[in-house]
Amino acid sequence: MDAQVETATRELSYAQAIQEAMAIAMERDERVFLMGEDIGVYGGAFQVTGDLVERFGPERVMDTPISELGGAGVAVGAAVTGMRPIFEFQFSDFATLAMEQIVNQAAKMRYMLGGAVSVPVVMRFPAGSGTGAAAQHSQSLEAWLGHVPGLKVIQPSTPHDVKGMLLAAIEDPDPVMIYEHKLLYKMKGEVPEGYYTVPIGKAAVRREGADLTIVATSIMVHKSLDAAKQLAEEGIDVEVIDLRSIRPMDRQTIIDSVCKTSRLMCVYEGVKTLGVGAEISAMIAESEAFDYLDAPVVRLGGAETPIPYNPELEKATVPQVDGIVKAARDLVTGAR
Amino acid sequence: MSATAKKSASKTDGANQPFIYRQFDQEKLRDALRKMYLIRQFEEGAEESYMRGLIHGTMHLSIGQEASAVGICLGLSDEDQITSTHRGHGHCIAKGADVSRMFAEFFGKTTGYCRGRGGSMHIADVSTGNLGANGIVGGGLPIAVGAALTAKKMKTGNVVVCFFGDGANNEGAFHEALNMAAIWKLPVVFVCENNGYGMSTSVARATAVPNIADRAAAYAMPGVIVNGNVVSDVAEAMHEATERARNGEGPTLIECKTYRYRGHSKSDRNRYRTKEEIEEWMTERDPIEAFEAELVEFGVIDAAGIEAIREGVRKEIEAGIEFAKESPMPEVANLEKYVYTEQA
């Protein structure tokens, strides 16, 4: 599956895996540099860049002013002219300030110029709820960018994948937007040493099963796997697909799975309506898998509300393990 | 900036001649005039083709602003880069693009610079350092700063010129871009072509300071006001800004005061300005007429030389339109080509 032979592994957190990927990329390629707010001596709001500034210096680990639109645009301009910038949004929510450069410029420049340029920029988006940071620091807006041809939008869910997909993103000639759920930063997992890539646009089957396909993104992959474990005790055999990339989307892996299980549930943290699950459901409705469905498709997504501050309310805003278990059980037993 | 043309200066009194006559040889100056004609006749040709239904969509003409485009690009090489605006035909030609491929782009043909995907609003010739016109007001400002960051990091010695209009100076991108260019001392020159109106809204109604160059003070960079209709004044300000940029001293904001003769775009009913105002600019301050008279005065060209340039440009425009007409349309099957980079 992965492009390179993997060597020894050790346990790293998701944040450490990102940092390691960026360090490897900067060592391999002098065109690679980092830009973002407080990513230098501060180490980034989530300590993802950590002490990289000490190793690579302030010119390659560049603090920017609080200027999301300008900063993103500078990254785009640097990418078009030969550099390989990695731009960190402090919180993905702040990318709303930079939509012009992402959507109108980065995504379209190659097309508008008839292929005369490429835009090899990587942008990193710390996203998601669960930190008590309320409505403007907790959103999952990846579907916004997933709607834009010209961008690639990925959501790695493990330390292994985030390192390999980030390295793939840096190699990629086109703009890659990487959504990182903040609650994953401390999650640990086995990560190979050295350079390797994980391809963009390929989903991963995390658990094989016969009764139901769950397609999940980001942190919902882990919640869905927990749910699948509980459901197994009840004799319900769930297949869990980690989508990993929402643009391009690995449709075939989902279609094949649904043809096998005859049931589909989409689990994602972004607002349910017009979200990633809407696309997956519609895609299945248009595919040969439609004839295999034994039950209506179910979507579990974020509530139709801003993310609230109160921890109980906040939890109720996005799918949780219990909810996934119940919805899956109802779907398989026909109780819904 | 006050390199006002000393019209009374004698031909031999070199020290008193305007900047460009001291800086560039005569061939270069004649070519500057040729480029001004090329811009004007290109836009007239594009306008006519539009009226005849050969070009669809819309376009934003810069007729009347030729001295700014040509004066700014006069001392640049192909390696120096520009970002341009929706009113960007002049910048593209001044930087060295071929009008045939520009016409082909406007006609939507595969031989166009953008293979028919961009049209007037995204015209670009990357090979001569033009990173593209832009449909978003202020869109090119941060991109130019990024290109300048590349120049600094790669130590290329190139400068980047960021063209924008008076309207863009009220975008947030203007503030963010100028501030970053200044704190990082990047080799970029911000060139505001102030033609008096952001679509229909006058600068006086839209901008709190009388001159856009006044805003440079907020970024601790020089702010220079020039008569944007005088080639030498524009080129002199640009020369100083370029020196400063190449010496690592950082950006400059140049404000070229100029005027567009035509409306904002093809939908403009011209209700926000008077006929008299337009007439006055066209008859009293036309940049091509002024430059032509100056070149004659300084003995760079004579009437026959001017006629030869005009005739040469006319033929080039004619041939360009013909090339565009005859070029093939893109295949619909290739609609999605260039969305992503084709990978081996």
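Every chain's residues receive numbers from 1 upward, in the order its sequence appears when written. Lettering for chains starts from A, numbering for ligands starts from 1, and both go in the order in which the items are written. The predicted nature of this model means local features are confined to residues of pLDDT at least 70 and side-chain atom pairs, given and counted, to a pLDDT of 80 or more, with totals for whole chains, interfaces and linings taken over all residues. Each side-chain value is derived from all of the structure's non-hydrogen atoms; neither hydrogens nor water enter the calculation.

Residues and elements named next belong to chain B. Classification of ring pairs rests on two measures: the distance between centres of Phe, Tyr or Trp rings, Trp counted by its six-membered ring, which must be within 6.5 Å, and the angle between planes, read as stacked under 30 degrees, edge-to-face over 60 and tilted in between. Throughout the structure, instances matching the rule amount to 15 aromatic pairs over all chains. Ring geometry for Phe 164 versus Phe 174: centroids 5.6 Å apart, planes at 55°, classification tilted. Within this pair, whereas Phe 164 is found in strand 2 (residues 160-165), its partner Phe 174 is found in helix 7 (residues 172-183), the two being separated by 10 residues in sequence. Residue exposure (1.4 Å probe, protein chains only): buried if accessible area is under 20% of the type maximum, exposed if over 50%, otherwise partly exposed. Taking relative accessible area as the criterion, Phe 164 reaches 2% and is therefore assigned buried. Relative to Tyr 219, the ring of Phe 174 lies with its centre 6.1 Å away and its plane at 80°, an arrangement referred to as edge-to-face. Of this pair, Phe 174 sits in helix 7 while Tyr 219 sits in the loop between helix 8 (203-206) and strand 6 (223-227), placing them 45 residues apart in sequence. By the burial criterion, Phe 174 is buried, and Tyr 219 matches it. Numbering goes from the N terminus for both helices and strands, where a helix is a DSSP run of H or I of at least four residues and a strand is a run of E of at least two.

Residue and element names in this part refer to chain A. We count a salt bridge whenever a side-chain nitrogen from Lys or Arg sits within 4 Å of a carboxyl oxygen from Asp or Glu. Tallied over the entire structure, the rule returns 35 salt bridges over all chains. In this structure, the salt-bridge partner of Glu 20 is Arg 10, at a minimum N-O distance of 2.8 Å. Placement of Glu 20 in helix 1 (residues 14-28) and of Arg 10 in strand 1 (residues 9-13) is noted, with a sequence separation of 10 residues between them. Taking the relative accessible area as the measure of exposure, Glu 20 reaches 19% and is therefore buried. We classify Arg 10 as partly exposed; its relative accessible area is 24%. One salt-bridge network, held together by shared partners, links Asp 161, Arg 206, Asp 242 and Arg 244.

Residue and element names in this part refer to chain B. Where helix 6 (residues 140-154) meets helix 7, the closest approach of the two axes is 8 Å, and the angle between their N-to-C directions is 15°. The angle between helix 6 and helix 7 places the two elements in the roughly parallel class. The two elements helix 6 and helix 7 meet at a crossing, and its hand is left-handed. On helix 7, the residues that touch Leu 141, Pro 142 and Val 145 of helix 6 are Ala 173, Phe 174, Ala 177, Leu 178, Met 180 and Ala 181. In the scheme used here, Gly and all other residues not listed as nonpolar or charged are polar, with Ala, Val, Leu, Ile, Met, Phe, Trp, Tyr, Cys and Pro taken as nonpolar and Asp, Glu, Lys and Arg as charged. Of the residues that constitute the contact of helix 6 with helix 7, the class distribution is 9 nonpolar, no polar and no charged. Angular values range over 0 to 180 degrees, each being the angle between N-to-C directions of two axes fitted as lines to C-alpha atoms, with helices fitted over their stretch in contact. Roughly parallel means an angle under 35 degrees; roughly antiparallel means over 145; roughly perpendicular covers 65 to 115; every other angle is labelled oblique. Each crossing gets its handedness from the near helix: less than a right angle anticlockwise from the far helix is left-handed, clockwise is right-handed. Residue contacts are counted whenever heavy atoms from the two residues lie within 4.5 Å of one another.

Next up on the list: the sheet that holds strand 10 (residues 212-216) of chain A. All names here are of chain A. For two strands to be treated as a pair, DSSP must find no fewer than two bridges joining them. Across the sheet, which stays open at both edges, the 5 strands sit in the order 9-11-10-13-14 with mixed pairing between neighbours. Taken across any chain shown, the strands that pair with only one partner, and hence form the sheet edges, are strand 9 (204-207) and strand 14 (298-302). Between one strand axis and the next, the sheet turns through 25° on average, direction left out of account. Packed onto the sheet, helix 8 (residues 219-233) meets strand 9, strand 10, strand 11 (238-242) and strand 13 (264-271) and runs at close to 170° relative to strand 11.

Below, the discussion takes up the sheet that holds strand 7 (residues 176-181) of chain A. All names here are of chain A. Read from one edge of the open sheet, 7 strands run 3-2-4-5-7-6-12, paired in mixed fashion. Single-partner strands in this sheet number two, and they are strand 3 (61-63) and strand 12 (245-247). If you compare each strand with its neighbour and ignore which way they point, the axes differ by 20° on average. Note that strand 6 (residues 152-154) and strand 12 share 2 bridges and pair antiparallel. Within strand 12, the residue paired with Ile 154 across the bridge is Ser 245.

A separate point is the pairing of strand 7 of chain A. The side chains of a regular strand alternate, first on one face of the sheet and then on the other. Residue and element names in this part refer to chain A. Of all 6 residues making up strand 7, 6 are buried, and the element is well covered by its neighbours. Both faces of strand 7 are covered, namely the face carrying Val 176, Ile 178 and Glu 180 and the face carrying Met 177, Tyr 179 and His 181. Summarising the sheet, strand 5 (residues 122-127) and strand 7 pair through 6 bridges and their orientation is parallel. In the strand pairing of strand 7, Met 123 is matched with Met 177. Bridge count between strand 6 and strand 7: 3 bridges; the pairing is parallel.

This part covers the packing of helix 3 (residues 68-80) of chain A against helix 4 (residues 99-106) of chain A. All names here are of chain A. It is the contact of helix 3 with helix 4, at a shortest axis distance of 8 Å, that shows an interaxial angle of 30°. In terms of orientation, helix 3 lies roughly parallel with respect to helix 4. Counting all contacts with helix 3, which are made through Leu 69, Ala 72, Gly 73 and Val 76, the residues of helix 4 involved are Glu 100, Gln 101 and Ala 106. In terms of residue class, the contact of helix 3 with helix 4 is built from 4 nonpolar, 2 polar and 1 charged.

Let us look at the side chain of Asp93(A). Residue and element names in this part refer to chain A. Of note, Asp 93 is situated in the loop between strand 4 (84-88) and helix 4. Residues scored as positive are Lys and Arg, those scored as negative are Asp and Glu, and His as well as the terminal groups of each chain are ignored. Here Asp 93 sits buried without a salt bridge, and the closest side chain of opposite charge, Lys 182, lies 4.5 Å off (N-O distance). Setting aside anything within four residues of it in sequence, one finds Asp 93 in contact with Ala 135, Gln 136, His 137, Ser 138 and Gln 139.

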